[in-house]
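Listed below, chain by chain, are the residues.
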Amino acid sequence: MRFDILTLFPAMFEGPMTESILKRAQDNDLIQVHYHDIRDYTTDKHKTTDEPPAGGGGGMVMKVEPLVSAIESVRGEDDCPVILTSAQGRTFTQAVAKELAQYSRILIVCGRYEGVDERVIQLAITDEISIGDFVLTGGELAAMVMVDAISRLVPGVLGAQWGAEDDSHATGLLEYPQYTRPPEFRGLSIPEVLTSGNHQAVEKWRRQQSLRRTWQRRPDLLQTAPLTDKDRWFLAELAQEEREYYVGTSPDL
Ligand code: SAM
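About the cut-offs
- Counting starts from 1 at the beginning of each chain's written sequence and moves along it residue by residue.
- For this predicted model, a pLDDT threshold of at least 70 governs which residues receive local features, and a threshold of 80 or more governs which side-chain atom pairs are given and counted, while totals over whole chains, interfaces and linings are taken from all residues.
- Here the side-chain values reflect all heavy atoms present in the structure, with hydrogen atoms and water set aside.
- Under the DSSP-based scheme used, a helix requires at least four consecutive residues in state H or I and a strand at least two consecutive residues in state E, with every element numbered from the N terminus.
- We call two N or O atoms a polar contact when they sit within 3.5 Å, provided that within protein one can donate a hydrogen and the other can accept it, with sequence-adjacent residues counted only if both atoms are side-chain atoms.
- Contact definition: two residues touch when any of their heavy atoms are within 4.5 Å.
- Under the scheme applied here, a residue whose accessible area is under 20% of the maximum for its type counts as buried, over 50% as exposed, and between as partly exposed, the area being computed with a 1.4 Å probe on protein chains only.
- Seen with its strands pointing away from the viewer, a crossover is right-handed when the path leading from the first strand over the helix to the second is clockwise.
- In this analysis, strands are considered paired if DSSP registers two or more bridges between them.
- Whether a residue is near a molecule or strand depends on its heavy atoms: if one lies within 4 Å, it is near.
- Areas reported here follow the Shrake-Rupley algorithm with a probe of radius 1.4 Å; residue values treat only the protein chains shown as occluding.
- Gly is put with the polar residues, along with every residue not named as nonpolar or charged; the nonpolar set is Ala, Val, Leu, Ile, Met, Phe, Trp, Tyr, Cys and Pro, and the charged set is Asp, Glu, Lys and Arg.
- When two rings of Phe, Tyr or Trp (its six-membered ring) have centres within 6.5 Å they constitute a pair, described as stacked for plane angles under 30 degrees, edge-to-face for angles over 60, and tilted for the intermediate range.
- Source of the domain bounds: an automatic or database domain assignment.
- Buried residues of nine kinds, namely Ala, Val, Leu, Ile, Met, Phe, Trp, Tyr and Cys, make up a nonpolar core once their side-chain atoms join them within 4.5 Å.
- Axis geometry follows a simple rule: fit a line to the C-alpha atoms, using only the stretch in contact for helices, then measure angles between N-to-C directions, giving values from 0 to 180 degrees.

Colleague: If you had to explain the side chain of T49 to someone new, which residues and values would you point to?
Modeller: Assignment of secondary structure puts T49 in the loop between strand 2 (32-37) and strand 3 (50-51). One polar contact links T49 to D50, side chain to side chain, over a distance of 3.3 Å. Sequence-distant contacts of T49, defined by excluding residues within four places in its chain, comprise L8, I38, R39, T42, V61, M62, K63 and P66.

And the structure:
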């Protein structure tokens, strides 16, 4: 899978994109990440990429000509998605990562300052994506988040020993708690079932922990998660436990 990143700050990607799993994925040619400096597409001698907003007001706005020229030149005849990182876009979720991982190539445009001239969006952007309801100083960190989450869904990137299938959100639920050696630390032990060698019991424990965690932390996810009858039964038991707890502790009214 190929990512083309259009940015004013290509050096920001060093580190996050050149270490660990993403580095190995690039070394093995499973993903390719290309950086394009938007400044290279300016035509004036000062290489101007931003101007004050039309109508006045504070800050600067990214100019339309260099951005559209950069996008058209990098995209060529390809009809791949051109994503603008934007606090106003649709929210990036695991489902969106999965959707984008189906493409063989995507372009990501990193905004800066007060954002981009609206005509860039009208002329050259196919999708606007936000990584959450907060405002960043620029789209570079958002682009890195997206490349990371999408890349780990590309076959081979995680390697055979690490599956993405059980990860939080991949199953529609949050993942179960994880442990590793030592078996005991400061009085806290690994749950016995995990060292029992009984794979069926481990699977059952993990599923139930996953359901419990989701029910406690993100009950909204249970509305859309694919659940079996056994899962629903377990969730009903959790609800019953909670009712009993509140009845037991309710003050005299
Ligand atoms: N004035 C803009 C607004 O109110 O929507 C915010 C501009 S922000 C300071 C500069 C750039 O950072 C944006 O153009 C966008 O590319 C990026 N950015 C900021 N927050 C983001 C978010 N939550 N997700 C993705 N990109 C974001």
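Colleague: Describe in detail the pairing of strand 1 (residues 2-7), supporting the description with residues and values.
Modeller: Within strand 1, five of the six residues are buried, which leaves the element mostly enclosed by the surrounding structure. The β-α-β motif built from strand 1, the intervening helix 1 (residues 20-27) and the parallel element strand 2 has right-handed crossover chirality. Strand direction decides the pairing type here: strand 1 and strand 6 (residues 105-109), joined by five bridges, are parallel. Of the residues in strand 6, the one forming a bridge with L6 is V109.

Colleague: Go over unusual backbone geometry with me, naming the residues and quoting the values.
Modeller: For the peptide bond that leads from R181 to P182, omega is 5 degrees, which places it in the cis range. Structurally, the position occupied by P182 is in the loop between helix 5 (140-151) and strand 8 (184-185). One non-glycine residue, S20, adopts positive backbone phi at about 55 degrees.

Colleague: Could you give me a rundown of the site of the ligand, with the residues and numbers involved?
Modeller: Residues in contact with the ligand amount to 20 residues; listed here are only the nearest, T85, Q88, I131, F134 and L136. Contacts to the ligand include T85, whose backbone N or O atom sits 2.6 Å from an oxygen atom. In this structure, S86 approaches the ligand through a main-chain N or O atom, which is 3.3 Å from a nitrogen atom. Look at the ligand: alone it shows 580 Å² of surface, and the protein chains cover 84% of it. Of all the secondary structure elements, the ones that give two or more residues to the shell around the ligand are strand 5 (82-91) and strand 7 (127-130). Take the shell around the ligand: its biggest share by element is four residues, from strand 5. Across the shell around the ligand, the residue classes tally to eight nonpolar, 10 polar and two charged.

Colleague: Describe the packing of aromatic side chains, with residues and values.
Modeller: Per the counting criterion, the structure on display carries two aromatic pairs. When the ring of F13 is compared with that of Y35, the centres are 5.1 Å apart and the planes differ by 40 degrees; the resulting orientation is tilted. Of this pair, F13 sits in the loop between strand 1 and helix 1 while Y35 sits in strand 2, and the two are 22 residues apart along the sequence. Given a relative accessible area of 2%, F13 falls into the buried group. Residue class for Y35 comes out partly exposed when judged on its relative accessible area of 32%.

Colleague: For the domain arrangement of the chain, give the residues involved together with the corresponding values.
Modeller: With domains assigned, the chain is organised as domain 1 (2-151) and domain 2 (184-249). Of note, the centres of domain 1 and domain 2, computed from C-alpha atoms alone, are 40 Å apart.

Colleague: Now, about the nonpolar core: what can you tell me, with residues and values included?
Modeller: Counting residues in hydrophobic clusters, the biggest one holds 27 residues, and the most contacted among them are F3, I5, I31, F92, I108 and I150. Elements with a minimum of two residues in this core: strand 1, helix 1, helix 3 (94-100), strand 6 and helix 5. If you tally residues by element for this core, the top one is helix 5, at six residues. When neighbours within four sequence positions are excluded, I5 is seen to be in contact with F13, V33, H34, Y35, H36, I108, C110, A143 and V147. Counting 20 residues, the second largest nonpolar core, distinct from the first, contains L8, I38, I71 and V109.

Colleague: Please give an account of the pairing of strand 6 that cites residues and values.
Modeller: By the criterion of burial, strand 6 is predominantly enclosed, with five of the five residues buried. Burial along strand 6 is two-sided: the face carrying R105, L107 and V109 and the face carrying I106 and I108 are both buried. Sheet analysis places strand 5 next to strand 6, joined by three bridges and oriented parallel. Bridge assignment links V82 to a residue of strand 6, and that residue is L107.

Colleague: I'd like to hear about the sheet that holds strand 1, residue by residue, with values.
Modeller: Across the sheet, five strands lie side by side as 2-1-6-5-7; this open sheet has parallel pairing. Of all strands in the sheet, those bounded by a partner on one side alone are strand 2 and strand 7. Strand-to-strand twist in this sheet, taken as the mean axis angle between neighbours without regard to direction, amounts to 35 degrees. Lying over the sheet, helix 2 (residues 64-75) contacts strand 1, strand 2, strand 5 and strand 6, oriented at roughly 165 degrees with respect to strand 6.

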